[in-house]
Amino acid sequence: MKLSQYTKILWLGLLLFSLTGILITAAEESKSPVPTNNEAQEVTGPLTITVILERVYLDGEVSEEIKEETIWSMEDFWSEYESWQLVDQDEDLVVFQQNIDDISPLLKANGYFGITSNGTLTIFNGKPSIDNVIQSFYQIDVSRLESRQHEELKQGIPIQSKDNYVEVLEVFKPFSTSP
């Protein structure tokens, strides 16, 4: 068994343990006899929980999708999310995370590489401007840049793909002022 399968089994056990406690508490509150352990573990009907899916992109952007899931079978539920990493879980909520080997949709749609007034290579939301910084990288020795490269950074270089993102970072890395 892979480590992730052990983690799933552990969380399933904790979930069942939690459900048992909820059923016992509900029975006590209604003044009915407390069910035995066997009766408490026999859950009839589905379990509804909130599932949060976090996608972490290469550029550091995290998107979050929240949805309600009705669980009829724990086995089916875990197999549906086997490519995700379990991050957090309680009785009503499960959080999964997945690393995406791509840049975020935000960068593809409106991301631009540019340079700040102090010479820092930066990604902007839209054309470079002081109030729309998304992410900063490293300071560039602008005196070593070709005038064309400096002008491109001032105007903004659109980020259209992961390859373009990586290429721009590699092109300007030799001009970094830090080792």
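Overview of the structure. Per-chain numbering applies: the sequence of each chain, read as written, is numbered from 1 onward. Side-chain atom pairs in this predicted model are given and counted only at pLDDT of 80 or more, local residue features only at pLDDT of at least 70, and totals for whole chains, interfaces and linings cover all residues. Values shown for side chains rest on all heavy atoms present in the structure; no hydrogens or waters enter the calculation.

1. Structural notes on the overall build of the chain
Thought 1: Numbering of helices and strands starts at the N terminus; helices are DSSP runs of H or I of at least 4 residues and strands are runs of E of at least 2. Counting secondary structure elements, the chain contains 6 helices and 8 strands.
Thought 2: Shown N-terminal to C-terminal, the secondary structure of the chain runs as helices and strands in the order α-α-β-β-α-β-β-α-β-β-β-α-β-α.
Thought 3: With a 1.4 Å probe rolled over the protein chains alone, any residue whose accessible area is under 20% of its type maximum counts as buried; one over 50% counts as exposed, and the rest are partly exposed. Within the chain, buried positions represent 34% of all 179 residues.
Thought 4: Counting only contacts in the chain whose residues sit at least 6 apart along the sequence, the fraction spanning at least 24 positions is 50%.
Thought 5: Accessible surface is estimated by sampling points in the Shrake-Rupley manner with a 1.4 Å probe; for residues, cover comes only from the protein chains shown. For the chain, the computed accessible surface area is about 11200 Å², with 52% contributed by carbon and sulfur atoms. Throughout, a residue-residue contact means that at least one pair of heavy atoms, one from each residue, lies within 4.5 Å.

2. Description of the side chain of S104
Thought 1: Relative to the helices and strands, S104 is located in the loop between β4 (93-99) and α4 (105-110).
Thought 2: Leaving out residues up to four positions away in the same chain, S104 has contacts with Y57, D59 and E61.

3. So, the pattern of salt bridges
Thought 1: Here, a salt bridge means any Lys or Arg side-chain nitrogen found within 4 Å of an Asp or Glu carboxyl oxygen. For the structure shown, the criterion picks out 7 salt bridges.
Thought 2: Residue K67 is joined to E69 by a salt bridge in which the shortest nitrogen-to-oxygen separation is 3.6 Å.

4. Regarding the nonpolar core
Thought 1: Only buried residues count toward a nonpolar core, which is a set of Ala, Val, Leu, Ile, Met, Phe, Trp, Tyr and Cys residues joined through side-chain atoms within 4.5 Å. Of all hydrophobic cores here, the largest spans 17 residues; its most connected members are F113, L121, I140, L153, I159, Y165 and F172.
Thought 2: The set of elements that each furnish at least two residues to this core consists of β5 (111-115), β6 (120-125) and α6 (162-172).
Thought 3: Top element by residues in this core is α6. It accounts for 4 residues.
Thought 4: Non-local contacts of I159, meaning those with residues more than four positions away in its chain, are made with I103, L107, K108, G111, Y112, F113, I123, N164 and Y165.
Thought 5: Formed by 13 residues, the second largest nonpolar core is a distinct cluster that contains W78, Y81, W84 and L86.

5. Concerning the pairing of β4
It is a general feature of regular strands that their side chains alternate between the two faces of the sheet.
Thought 1: Two strands are counted as paired when DSSP detects at least two bridges linking them. As judged from the 7 bridges shared by strand β1 (residues 47-56) and β4, these two strands associate in the parallel manner. Within β4, the position partnered with I52 by the bridge is V95.
Thought 2: Relative to β4, strand β3 (residues 85-89) runs antiparallel, the two sharing 4 bridges. Bridge pairing links D88 to V95 in β4.
Thought 3: From the end of β3 to the start of β4, which pair antiparallel, there are 3 residues.

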